[in-house]
Amino acid sequence: MPTGDLAIDYGTSNTVALVRASDGRTRQLLFDGSPLLPSAVLADADGVLRAGRDAVRAARLDPARYEPNPKRRIDEPEVLLGERAYPVADLIAATLGTVWREALRVAGERPARVLLTHPVAWGPVRRAVLTNACARAGLPAPILIPEPVAAATYFAGL
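Residues numbered from 1 in each chain as written. Predicted model: local features only at pLDDT ≥ 70, side-chain atom pairs only at ≥ 80, totals over all residues. Heavy atoms only, no water.

### A look at the overall build of the protein
Of regular secondary structure, the protein possesses four helices and 11 strands. In terms of overall dimensions, the protein is globule-like: its C-alpha atoms have a radius of gyration of 15 Å, near the 15 Å expected for 158 residues. Its C-alpha atoms put the protein at 45 × 35 × 30 Å along the principal axes. In the protein, buried positions account for 42% of the 158 residues. Expressed as a percentage of contacts within the protein between residues at least 6 apart in sequence, the contacts between residues at least 24 apart total 56%. Seen as two clouds, the 19 positive and the 17 negative side-chain charges of the protein have centres 4 Å apart. (Helix = DSSP H or I, 4+ residues; strand = E, 2+ residues; numbered from the N terminus. Rg over C-alpha atoms; globule rule 2.2 N^0.38 Å. Buried < 20%, exposed > 50% of the residue type's maximum accessible area, 1.4 Å probe, protein only. Contact = heavy atoms within 4.5 Å. Lys, Arg positive; Asp, Glu negative; His and termini not counted. Charge placed at Lys NZ, Arg CZ, Asp CG, Glu CD.)

### Here we look at the environment of Pro111
Residue placement: Pro111 occurs in the loop between α2 (88-107) and β10 (113-118). Along the chain, Pro111 and Arg20 lie 91 residues apart, while their C-alpha atoms are 8.2 Å from each other.

### Overview of helix α3 (residues 124-136)
In this model α3 runs 18 Å from its N-terminal to its C-terminal C-alpha over 13 residues, within 8% of the 18 Å that 1.5 Å per residue would give. For α3, every residue scored as buried is listed here: Val129, Leu130, Ala133 and Cys134. End-on view of α3: buried residues confined to an arc of 140 degrees, all on one side of the axis. The exposed residues of α3 that point more than 90 degrees off its buried face are Pro124, Val125 and Ala135. Buried residues along α3 sit in contact with β1 (5-10), α2, β10 and β11 (143-146). Once α3 finishes, Gly138 follows within two positions and takes phi at roughly 90 degrees, a positive value. (Expected span 1.5 Å × (residues − 1). Arc of directions from axis to C-beta.)

### Quick look at the packing of aromatic side chains
By the definition in use, this model includes zero aromatic pairs. In this structure, Lys71 is placed above the aromatic ring of Trp122, and the distance from its NZ or CZ to the ring centre is 5.6 Å. (Phe/Tyr/Trp six-rings, centres within 6.5 Å; stacked < 30°, edge-to-face > 60°. Lys NZ or Arg CZ within 6 Å of the ring centre and 35° of its normal.)

### What to know about the environment of Arg53
Residue position: Arg53 is located in helix α1 (residues 53-59). In this structure, Arg53 is in contact with Phe31, Asp32, Ser34, Leu36, Leu37 and Pro38, ignoring residues within four places of it in sequence. Among the polar contacts made by the side chain of Arg53, one reaches the main-chain carbonyl oxygen of Phe31 at a distance of 3.2 Å. Among the polar contacts listed, one links the side chain of Arg53 to the backbone oxygen of Leu36, at a separation of 2.6 Å. (Polar contact = N/O pair within 3.5 Å; in protein donor to acceptor, adjacent residues only side chain to side chain.)

### Quick notes on the sheet that holds strand β5 (residues 41-43)
An order of β6-β5-β7 is seen for the three strands of this open sheet, with the pairing classed as antiparallel. Pairing within the sheet leaves two strands with one partner each, and these edge strands are β6 (49-51) and β7 (66-67). In the sheet, β5 pairs with β7 via two bridges, with the strands oriented antiparallel. Bridge pairing links Leu42 to Tyr66 in β7. Packed on one face of the sheet, α2 meets β5, β6 and β7 and runs near 50 degrees to β6. (Pairing = 2+ DSSP bridges. Axes fitted to C-alpha atoms, helices over the stretch in contact; angles between N-to-C directions.)

As structure tokens, then:
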């Protein structure tokens, strides 16, 4: 049975995440040795979406296939990368999928809950895009938390 939590702060420029294992230990996820995962996405020539530093590096060779800030495109149904349009939820899912795979590797188990932050002003339509992106990336349905609430909860626990 899944246990533990995965907390994700999906940011405009970077994404950070923590896992809390069933034994209560909390660990920050690292991506290429850094706690910051660029939220950037790039579509390969074959249509596969790359996220994070892989996307940033590959963008040097083909910038038309690159979106550095998918979160800023939340109100658009699709984004053109190269010659193909991708749903915004797919771009966000590429980053969340990278986080999910690393969480599974680090925790050694499937987290039971996913906590995902969002801007406090985001209404139900934008939050639904985040929930949809989680589903597309294979994550459980997230518990959505406004960013200021997440920050206050974190600092209250220090």
